[in-house]
Amino acid sequence: MSTPRQRLSPEERRAQIAGAARSLALEEGLIGLTQRSVAARAGVTGALVAHYAESMDHLVADVFSRIVGAELEEIRAEHGADATAKGFEEFVLSLLDGGRAAVTRVWVDAFSLGRRNEPLAEAVRVASDAWQELLAGFIDARVAAGVFACPDASVAAWHLMGFVDGLNSQSLVSWGDAAARADLTLPLVRRLVISRVHTRGLEGPERTP
């Protein structure tokens, strides 16, 4: 005799479907999210997924926002209180150590799928703005503490995001020497956040004439 399916409230059912989609995305990337795959993970019918999701485009966008939003808050909690130069370098290197590969896959898929999914594209723009704001805030805090001398934290953050995103994307296909990423990254970080000879807390910084 089969066990009757548990009856959930609409809110509980939406949360169940969203949770299933999130776990699937972290395992397979956003590209693995289809109505059928989400339904299978949640243990419901595809029709039920369609009923509770505005559309698959919106569901994918929502999953993306939840995943990258959680990462952003985690990073803010872990690194936001440290206004030292060394703390900033450790923060940047933590973005490249491979520990966030699942989220990197989500980002890479979002950039690709967002070309044909406008809700996802908008979510990517919002998340990118949030990341730039976070990085600029980290840099400005160190400028205020007299540690960095950066004339435009927002521009420095933009450059740093592009560099980190590029290296992480390359890592997904095992291109390049993973062990060399720190050596490649730290000189760039120092160039971006030091506009004059201002070296407190950094070893071997790049000096401008």
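Residues numbered from 1 in each chain as written. Predicted model: local features only at pLDDT ≥ 70, side-chain atom pairs only at ≥ 80, totals over all residues. Heavy atoms only, no water.

Novice: Report on helix H4 (residues 56-79), specifying residues and quantitative values.
Specialist: Here H4 is 24 residues long and its end C-alpha atoms lie 34 Å apart, about the 34 Å a rise of 1.5 Å per residue gives. Within the sequence span of H4, burial applies to Leu 59, Val 60, Ala 61, Val 63, Phe 64, Ile 67, Val 68, Glu 71, Leu 72, Ile 75 and His 79. Lining the buried residues of H4 we find helix H1 (10-28), helix H2 (35-42), helix H3 (46-52), helix H5 (85-94), helix H6 (101-113) and helix H7 (118-144). (Helix = DSSP H or I, 4+ residues; strand = E, 2+ residues; numbered from the N terminus. Expected span 1.5 Å × (residues − 1). Buried < 20%, exposed > 50% of the residue type's maximum accessible area, 1.4 Å probe, protein only. Contact = heavy atoms within 4.5 Å.)

Novice: I'd like to hear about the packing of helix H8 (residues 153-171) against helix H9 (residues 181-193), residue by residue, with values.
Specialist: For the pair H8 and H9, the least separation of the axes is 10 Å and the interaxial angle reads 170 degrees. On the basis of the axis angle, H8 is roughly antiparallel to H9. Contacts between H8 and H9 involve Ala 156, His 159, Leu 160, Phe 163, Leu 167 and Ser 171 from the first element and Arg 181, Leu 184, Thr 185, Leu 188, Val 189 and Leu 192 from the second. Tallied by class, residues from the contact of H8 with H9 come to eight nonpolar, three polar and one charged. (Axes fitted to C-alpha atoms, helices over the stretch in contact; angles between N-to-C directions. Parallel < 35°, antiparallel > 145°, perpendicular 65-115°, else oblique. Nonpolar A, V, L, I, M, F, W, Y, C, P; charged D, E, K, R; others polar.)

Novice: I'd love a proper account of the packing of aromatic side chains, names of residues and values included.
Specialist: Under the counting rule described, the total for this entry stands at five aromatic pairs. Between Phe 91 and Phe 138, the ring centres sit 5.1 Å apart and the planes meet at 80 degrees, which makes this aromatic pair edge-to-face. With Phe 91 in helix H5 and Phe 138 in helix H7, this residue pair connects regions lying 47 residues apart in the sequence. Exposure class is identical for Phe 91 and Phe 138. Each is buried. Cluster of aromatic residues (ring-pair linked, three or more members): Phe 88, Phe 91, Phe 138 and Phe 148. (Phe/Tyr/Trp six-rings, centres within 6.5 Å; stacked < 30°, edge-to-face > 60°.)

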